[in-house]
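# Reading the structure
The residues making up each chain are set out below.
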Amino acid sequence: QGQPVESGGKLAQAGGRLRLSCAASGVTVRFFVMGWFRQAPGKEREFVAAITPDDGTFYGDSVKGRFTISRDNAKSMAYLQMNSLKPDDTATYYCAVGRQGSLRLPGSYDYWGQGTQVTVSS
């Protein structure tokens, strides 16, 4: 129905880059906020990035300047381009779909993907 599906996570080297994809079939993504969160073992879920229906973008402090969120409305896809990767970026990354509101908070999102693992080695 509305559950997004992430892909693209894998092992990468520090300083490298990855692109994560989020397939949001059943969602007209231009009408929703698309968000990315991440969670490492033993840590709280952390806001990474979001894009609003009017193309506003928002980033967590730890990734700003390195990561870029985008979407393709025709394909109902969202993307997270991850550059200059650091070992601290190691986490499970989740795509989320939701209402426009407190977009840095997980509770603002209605649908969550299953997650894709990103591991960055030093």
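Residues numbered from 1 in each chain as written. Predicted model: local features only at pLDDT ≥ 70, side-chain atom pairs only at ≥ 80, totals over all residues. Heavy atoms only, no water.

### Thoughts on the environment of Q117
Relative to the helices and strands, Q117 is located in strand β11 (residues 116-121). Looking at Q117, the relative accessible area reads 38%, which means it is partly exposed. Linking Q117 and G60, residues 57 residues apart in sequence, is a C-alpha distance of 19 Å. Once residues lying within four places of it in the same chain are set aside, the contact partners of Q117 are G9, K10, T90, A91 and T92. A polar atom in the side chain of Q117 sits 2.9 Å from the side chain of T92. For Q117, the side chain forms a polar contact with the side chain of T119, separated by 3.4 Å. (Helix = DSSP H or I, 4+ residues; strand = E, 2+ residues; numbered from the N terminus. Buried < 20%, exposed > 50% of the residue type's maximum accessible area, 1.4 Å probe, protein only. Contact = heavy atoms within 4.5 Å. Polar contact = N/O pair within 3.5 Å; in protein donor to acceptor, adjacent residues only side chain to side chain.)

### Observations concerning the confidence of the model for the protein chain
Looking at the protein chain as a whole, its pLDDT mean stands at 94, while 99% of the residues score no less than 70. Within the protein chain, strand β10 (residues 109-112) has the poorest average pLDDT of any element, 94, and β11 the best, 98. (pLDDT = per-residue confidence, 0-100.)

### Re the packing of aromatic side chains
The full count for this structure, using the stated rule, is 4 aromatic pairs. Centre to centre, the rings of F37 and F47 are 5.6 Å apart; their planes meet at 70°, and the pair counts as edge-to-face. Placement of F37 in strand β4 (residues 33-39) and of F47 in strand β5 (residues 46-51) is noted, with a sequence separation of 10 residues between them. Of the two residues examined, F37 and F47, each falls in the buried class. (Phe/Tyr/Trp six-rings, centres within 6.5 Å; stacked < 30°, edge-to-face > 60°.)

### Focus on the sheet that holds strand β3 (residues 18-23)
Across the sheet, which stays open at both edges, the 4 strands sit in the order β1-β3-β8-β7 with antiparallel pairing between neighbours. For this open sheet the edge positions go to β1 (5-7) and β7 (67-72), each flanked by a neighbour on one side alone. Taking the axes of each pair of neighbouring strands and ignoring which way they run, one obtains an average angle of 20° across the sheet. By the bridge criterion, 3 bridges tie β1 to β3 in an arrangement that is antiparallel. Residue pairing for β3: V5 is matched across the bridge by A23. (Pairing = 2+ DSSP bridges. Axes fitted to C-alpha atoms, helices over the stretch in contact; angles between N-to-C directions.)

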